[in-house]
Amino acid sequence: MIRITDILDRISAYNSEADLELVERAYVYSARIHEGQVRLSGEPYLSHPLEVAGLLTELQLDPVSVAAGLLHDTLEDTKATTEDLTRLFGEPVTHIVKGVTKLSGLAFRSSEARQAESIRKMILAMADDIRVILIKLCDRLHNMRTLQFQTEKKQINIAQETLDIYAPLASRLGIHWIKTELEDIAFMYLFPEPYREIANQVAKKKDEQQEYINTIREIIEAKMAEANLPCKVQGRHKNFYGIYQKMINQDVDFEEVYDILAFRIILDTIPQCYQAIGIIHSIWKPIPKRFKDFIGIPKPNMYQSLHSTVIGPFGERVEIQIRTREMNHVARDGIAAHWQYKEKSGFDQKTGAAFAWLRKLVEDQKDIKDPDEFMESVRIELFPDEVYVFSPRGDVLAFPKGATPVDFAYAIHTEVGYQCTGAKVDGRMVPLKYELKTGQRVEIITSPNHRPSKDWLNFVKTAKARSRLRQFVKAEERKLSLALGREMCDKVLRKYHVSLNKYLASGEIEKAVHELGYKTADDLIASVGYGKVTPQQVARYLLPRAEIEDEKETVVTRLKQRIRGRKAKSGILVRGLDDILVRFGNCCNPLPGDPVVGYITRGQGITVHRTSCVHALSMDSERRIELEWAPETEESYPVRIHVLCHDRMGLLANITAAISQGDANILDASVSTRTDKRADCYFTISVSGADHLENVIKSVKKIRHVITASRLAA
């Protein structure tokens with residue numbers, strides 16, 4: 001465990017004028033208020049805030065950040081209050097600690113909703129003060145380093161969240177060393193077999209690779225010395241998760257991943273960088289389309305470097321990166337490298353401009369109320385691969401890989417997106433679903449009377465385009481539902497020789513609005529159109545003395561209710577209803593134990609989706625309904641799984657035996673063999689729920705030569 005004296009020494013080394021007394025007071029208070037608390041490892045709880053503070057000093061952050069790191073869990077895990085922290089340490093420290101604190105005291109409909117709102121709170125706080133996320137990243141890194149003390153289920157959940165949110169955030173902020181360590185630890189827990197396989201392969205070739213690194217370094221240093229370019233040459237291994245991604249994306253074995261090693265040339269000035277790339281290309285042939293100039297066009301996280309892949313001295317591909325010393329510092333620590341710890345103003349102008357993506361993220365998310373949609377939008381914005389395109393005026397805009405002209409249109413202005421009818425890329429017409437590529441010039445064609453299509457949601461990539469489209473579709477759906485609701489209510493009320501307009505004009509409908517839990521009459525009527533409220537329910541409040549004819553039970557309605565009543569066997573309970581038709585979405589095949597949500601469909605009851613299903617995320621929130629799994633069900637459910645393995649005699653028999661021994665019935669199976677002697681096995685199996693499926697997959701993963709096994713959406 002790091003000591004407070006080590007932390008104070010580190011701060012003094014990079015900031016001789018630092019307020020060390022603030023850090024010491026924070027340490028004493030943290031030690032006192034966490035006294036008696038222990039971590040799952042058995043260590044005193046104080047070890048955690050000390051390690052987080054130590055990581056913050058590696059980023060060379062100011063005393064306020066380090067003090068906040070020592071106190072970051074006090075509001076969440078102790079009796080400390082915001083008033084206590086403000087009185088003892090000042091408003092800046094308290095503001096940061098509040099931003100890092102999760103939402104644990106409020107009620108949410110699910111753990112996923114709580115997680116989404118905690119991340120939303122953190123993002124809003126970090127937009128105001130970047131130190132919030134720097135502390136949160138250090139907090140997550142230490143928690144990942146000690147993840148072995150958690151239960152297996154928590155290990156999987158925390159590792160997945162880290163890979164989805166925190167590693168991409170570190171990447172977006174340019175903090176490369178935190179990003180790679182988070183990825184590798186998460187990879188180890190999520191995919192243990194591929195992790196061990198890659199780790200073993202790298203260890204086997206360590207001596208051979210070190211000899212290769214020394215050879216290439218000597219060649220580069222000699223050539224640079226001839227040109228009078230003093231430089232530092234570094235050889236590095238790609239992180240394990242990066243190697244795994246290459247293997248999956250390129251569908252190759254470990255031996256075929258050519259850029260496991262990369263070389264970095266560090267010089268003093270930008271002109272020297274361009275001179276150096278000329279020398280590299282003169283001695284080794286560059287591979288076409290593999291040169292990238294991130295000095296001329298920096299990444300949004302301020303990363304700058306020249307990248308090129310060349311054919312090396314032994315006929316192999318070699319990745320070369322060339323940058324200045326300052327660029328190398330930023331490439332390691334990202335936005336933290338620009339934190340002005342001696343200045344109260346925080347960021348300089350250059351850093352503030354590079355940080356604009358976060359303000360844009362906050363701006364795009366402010367209208368999103370649904371937590372699942374919010375999480376999806378955040379993941380889109382944090383997507384690491386980007387393309388850079390030009391507007392007709394020559395402005396450079398960055399988009400996630402796979403972005404389309406529609407994304408470009410919404411990035412220009414929401415109205416341009418709404419009125420987009422076509423697009424030209426480099427002067428020629430392209431379909432609206434065309435995927436943009438770096439360096440292209442994009443021009444949008446608009447029409448004032450045009451309106452967007454709901455189908456655009458199937459291919460747009462940016463959070464802004466998706467959010468604005470959903471708002472438009474929701475508004476259109478509301479108009480239709482409002483008109484349908486009026487028509488349905490009028491139809492029932494006309495039987496009693498009255499009209500809906502009479503109650504709207506007199507204000508008498510307000511009683512029904514209040515009793516049924518709505519804010520306005522339009523909300524109530526739209527809910528009738530959505531199918532959430534029946535027109536008979538509305539009529540009952542407006543006509544309390546009348547017997548609603550449609551409420552009289554007939555033999556047919558009783559029979560329908562009995563048939564529908566048996567649907568409880570489906571394992572789904574609809575809150576507040578017991579006679580509703582329920583069916584499962586074929587797009588995601590939900591299982592008992594999965595978080596689920598319902599979608600009201602006209603005439604087809606309720607369709608059940610997993611909350612992570614893309615169709616569930618795109619549905620109108622007004623038509624969603626809360627569902628839960630019945631406590632006991634004897635039903636079995638079909639689900640598809642994919643097993644990737646090395647092809648060998650008898651392996652299929654081993655896999656099917658493992659599935660059968662796990663009490664799962666095999667409904668369908670297919671196998672295809674690749675040219676690299678690996679096999680893709682697809683099974684449709686029958687299981688009782690998510691836990692049952694997880695046990696089956698674990699059994700399959702234990703089989704020798706199985707690389708990975710996973711559940712498919714459908």
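For the structure, see preceding data.
Undergrad: Whenever I open this one, the overall build of the chain confuses me. Can you help?
TA: Within the chain, the secondary structure is distributed over 30 helices and 20 strands. Classification of the 714 residues of the chain by burial places 50% in the buried group. At a minimum sequence separation of 6, the contacts of the chain that also span at least 24 residues come to 65%. Working note: accessible area of the chain is about 35000 Å², and carbon and sulfur atoms make up 51% of it.

Undergrad: Honestly, the pattern of salt bridges in this entry has me stumped. Any pointers?
TA: Pairing of side chains with opposite charge becomes possible as their charged atoms draw close. This model, assessed by the stated rule, comprises 16 salt bridges. A salt bridge links E181 to R145, with the shortest nitrogen-to-oxygen separation between them at 2.7 Å. Of the two residues, E181 sits in helix α11 (residues 176–190) while R145 sits in helix α9 (residues 131–145), which places them 36 residues apart along the sequence. Its salt-bridge partner being R196, residue E193 comes within 2.5 Å of it at the nearest N-O pair. With E193 and R196 both in helix α12 (residues 192–204) and 3 residues apart, the pair spans about one turn of that helix. Relative accessible area serves as the criterion here: at 31%, E193 is assigned to the partly exposed category.

Undergrad: Explain the nonpolar core to me, please; I cannot follow it from the model alone.
TA: Membership of the largest hydrophobic core comes to 72 residues, with the highest contact counts inside it found for V93, L137, I178 and I198. I178 has contacts with L59, L137, C138, L141 and A170, leaving out every residue within four places of it along the chain. Membership of the second largest hydrophobic core comes to 32 residues, among which are I606, Y637, I655 and A709.

Undergrad: How should I be thinking about the state of the cysteines in this particular structure?
TA: The bond known as a disulfide is covalent and runs between the sulfur atoms of two cysteines. Evaluated as defined, the whole model comprises 0 disulfides. C645 provides the cysteine sulfur closest to C681, a residue in no disulfide bond, and the two sulfurs are 4.0 Å apart. Look at C681 and you get buried, because its relative accessible area is 3%.

Undergrad: Can you help me understand the packing of helix α13 (residues 206–226) against helix α15 (residues 270–283) in this one?
TA: Relative placement of two packed helices is described by the angle separating their axes and the distance separating the axes. Where α13 meets α15, the axes come as close as 11 Å, and the angle between the chain directions of the two elements is 120°. Classified by the angle their axes make, α13 and α15 are oblique. Here α13 and α15 pass one another in a crossing that is right-handed. Taken together, the residues of α15 that come into contact with α13 (itself represented by I220, K223 and M224) are A276, I279, I280 and I283. Among the residues making up the contact of α13 with α15, the classes are represented as 6 nonpolar, no polar and 1 charged.

Undergrad: Just checking my understanding: could you explain the sheet that holds strand β2 (residues 261–267) for this structure?
TA: In any sheet, the strands associate via hydrogen bonds between backbone groups, in a parallel or an antiparallel arrangement. The 5 strands lie next to each other as β1-β2-β5-β4-β3, forming an open sheet whose pairing is mixed. The sheet is open, and its two edges are formed by β1 (232–237) and β3 (292–293), each paired on a single side. Contacts from α15 reach β2, β3, β4 (306–311) and β5 (317–324), with the element oriented near 165° to β5.

Undergrad: Mind showing me how you'd approach the packing of helix α22 (residues 463–494) against helix α26 (residues 535–542) here?
TA: Running from N to C, α22 and α26 point in directions that differ by 55°, and their axes come no closer than 9 Å. As the angle between them shows, α22 and α26 are arranged oblique. Every pair of crossing elements has a handedness; the one defined by α22 and α26 is right-handed. Where α22 abuts α26, its residues M488, C489, V492 and L493 lie against P535, Q536, V538, A539 and L542. Partitioning the contact of α22 with α26 into residue classes produces 8 nonpolar, 1 polar and no charged.

Definitions and cut-offs
What you see as residue numbers is a count from 1 along each chain, following the sequence as written. Local features in this predicted model are restricted to residues of pLDDT 70 or higher, and side-chain atom pairs are both shown and tallied only at a pLDDT of 80 or more, whereas totals for entire chains, interfaces and linings draw on every residue. Side-chain metrics in this entry use all non-hydrogen atoms of the structure; hydrogen atoms and water are not considered. Secondary structure elements are defined from DSSP: runs of H or I of at least 4 residues count as helices, runs of E of at least 2 residues count as strands, and each element is numbered from the N terminus. When a residue's accessible area, from a 1.4 Å probe over protein chains only, is under 20% of the maximum for its type it is buried; when over 50% it is exposed; and in between it is partly exposed. We call two residues contacting when some pair of their heavy atoms lies within 4.5 Å. Residue-level accessible areas treat just the shown protein chains as cover; the underlying method is Shrake-Rupley with a 1.4 Å probe. By convention in these notes, a salt bridge is any Lys or Arg side-chain nitrogen within 4 Å of a carboxyl oxygen on Asp or Glu. Nonpolar cores are built from buried Ala, Val, Leu, Ile, Met, Phe, Trp, Tyr and Cys residues. Side-chain atoms within 4.5 Å join them into one set. Sulfur atoms of two cysteines make up a disulfide when they are within 2.5 Å. Here, axes are lines fitted to C-alpha atoms. For helices the fit covers the stretch in contact, and angles between N-to-C directions go from 0 to 180 degrees. Working rule for angles: under 35 degrees goes down as roughly parallel, over 145 as roughly antiparallel, 65 to 115 as roughly perpendicular, anything else as oblique. Definitions for this section: a left-handed crossing has its near helix turned counterclockwise from the far helix by less than a right angle. A right-handed crossing has that turn clockwise. Only Asp, Glu, Lys and Arg are considered charged in this grouping, and only Ala, Val, Leu, Ile, Met, Phe, Trp, Tyr, Cys and Pro are considered nonpolar; every other residue, Gly among them, is considered polar. Pairing between two strands requires that DSSP report at least two bridges joining them.

These results come straight from atomic positions and should not be treated as a statement about function.
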